[in-house]
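Analysis of the macromolecular model
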Amino acid sequence: MKSAANFVLFLLLTVSCRCAVRSEVVTVAGLGSDSGTLQVQPSASVSEWSQVVTGANTFALNLYRNLSSSADLAGKNIFVSPFSLSSALAMTYAGARSETQAQMARTMHYDLAGEGLHPGFEALTQSLQQQESAFYVANRLWPQKDYVFLDDFTRTSTRFYNASLRTVDYIHNTEASRREINDWVAAATQQKIRELIPSGVLNELTRLVLTNAVYFKGSWDTRFDPARTRQADFHISDLRSVQVPMMLQTIQAPYGENELCQWIELPYQGKQMSMMFLLPGREVALDRLEAALSPEKLDSWVEGSASEKVLVSVPRFRMSFFSSMAPVLARMGMPDAFDENRADFSGMTGRKELYLSHVLHKAFVEINEEGTEAAAATAVVVATKSAVLSQQFIADRPFVFLIRDRKTGCILFVGRLADPASDGS
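Residues numbered from 1 in each chain as written. Predicted model: local features only at pLDDT ≥ 70, side-chain atom pairs only at ≥ 80, totals over all residues. Heavy atoms only, no water.

**Description of the sheet that holds strand β2 (residues 134-143)**
Within the open sheet, the 6 strands sit side by side as β3-β2-β4-β12-β11-β10. Their pairing is mixed. A single partner strand is all that each edge strand has here, and the edge strands are β3 (164-165) and β10 (317-324). The pairing of β10 with strand β11 (residues 354-367) spans 8 bridges and is classified as antiparallel. Across the sheet, Ser320 pairs through a bridge with Phe364, a residue of β11. Packed onto the sheet, helix α5 (residues 151-161) meets β2, β3 and β4 (206-219) and runs at close to 165° relative to β2. (Pairing = 2+ DSSP bridges. Helix = DSSP H or I, 4+ residues; strand = E, 2+ residues; numbered from the N terminus. Contact = heavy atoms within 4.5 Å. Axes fitted to C-alpha atoms, helices over the stretch in contact; angles between N-to-C directions.)

**So, the side chain of His361**
Position of His361 among the secondary structure elements: in strand β11. Given the relative accessible area of 0%, His361 is considered buried. Side-chain polar atoms of His361 contact the side chain of Thr378, separated by 2.8 Å. Not counting chain neighbours up to four residues away, the residues in contact with His361 comprise Val80, Ser81, Ser84, Leu85, Leu196, Phe321, Phe322, Ser323, Met325, Ala376, Ala377 and Thr378. (Buried < 20%, exposed > 50% of the residue type's maximum accessible area, 1.4 Å probe, protein only. Polar contact = N/O pair within 3.5 Å; in protein donor to acceptor, adjacent residues only side chain to side chain.)

**Some thoughts on the packing of helix α2 (residues 82-93) against α5**
Where α2 meets α5, the closest approach of the two axes is 9 Å, and the angle between their N-to-C directions is 145°. Of the residues in α5, those touching α2 at Ser87, Ala90, Met91 and Thr92 are Phe153, Ser157 and Tyr161. For the contact of α2 with α5, the per-class residue count stands at 4 nonpolar, 3 polar and no charged. (Nonpolar A, V, L, I, M, F, W, Y, C, P; charged D, E, K, R; others polar.)

Below, the structure is given as C-alpha cells:
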C-alpha cells in the first residue's frame, strides 16, 4: 500500500515518560491476619527497570509487526497497549514453570530483566508519573472462591503490581462474575473499555482472571486550533480516498526523515509524554516501514531528531480495537501456555492443572485538537485443564442385574429390568 497520507501510530506513550499510578487498596485474603493495604516502595534500581523497558519495547514492536502482517487485519486499524499486555502477562508469568516459563520469557522478553523483572515493573510503573498528564494503572486478580493459590504467587502480584484480589464464583455464577470484572474494567478506564470479556469466554472451568487497565489523558503542549481543522482527503490507497477532518498547526517539534519515512514527536503538557507519528515516504509501502521497525531503529530516529519548525496536519479521529491475543502470542513463541497438555503454571497452585484459555485485549484512543484520551485493558483467563470426572453410572435404560456370592463367585440370581413400571405380576 503506497500513500503519502498513511501513517503508523504505535507509540502513544514514550517509554521515558513519567505517569501517575492509581493506587488501589489491596486486601489480600489468605495472606495472614495482618493482610490489608500494602504500603510499598519501589525496590528496583534504574538499571533494573531499564531492562524491563528494553524488553517491553522489543515485545511491543514484535507484537505490532505480527498484528500488522496478519491477514485478518489487512487494511484495518490497529491500536494496542503493549504495556498493558506486558504487565498482565508478567503477573501470570510469576506462576509459570519449566518450558512454559522459558517460552514466556523469550516471547515477552522478560529474560532481559531476569530476577529483577517484578521489582523492575514496580519501579517502572511508579516512576511513570508526572503532573500535567494523567496515566492510571490498575491491576486485579479474580480467583475462584475456595480455590487455593500459592501465597508466593499472590504475594508477587500484590507486592509488585499493587493488584488487589477479589474472589468470584465462576462455577455457579459465571455471568455475574463476568459482569463484575467488566464493570471494574469500565470504571478503571473511565468507561472507555466496556465488555472486555465477551459472553461465553468464562465457564465453570475458569479458576482465575488477571486484569490490567490503563488510562491516559493528555493535552497537547501546543494545541491545534479547531478553526483551522478542515475536511480533506485521506488516501487509503492509490485508488481510494476518503474525506476526514484534518487538524493543522505550525509547531516547533522534534522532527526527522530518512529514505523510509518522516517522523515527528508532538509533546503533551509537561513535555514528559509525547505522541510520535511515522509517515512512510511517498514511494514507500506501509508494510515495508512496519517490517523495518525495531527498538534500535526507533532509538536512532529519536536521537537523530532535530527541533524544527514544521507544518503539521494529522487527522482527528477515534478508534477502538479488540483482539484475542492467544493466537498471536502462540505464534510469537509461547504456545505451551495455551496448551492443556503442556502448560505448566504450577507456580500458581503447586499442581500442573492450569493453562491460559484466553488473553483478551481492548483499546480505545481519541485524538482531537485539545489532546489525546486513550485506554486499554487486558484480561488473562486461567482455566483448569479439562476435568477428569468421576465415572458415572446412570441406570436410565434397560439393564441386566444379578445377585452373587462374592466369596465363591456363585451367581444366585440374574435378571433384566426392561420396564420399571411393570411389576410382572
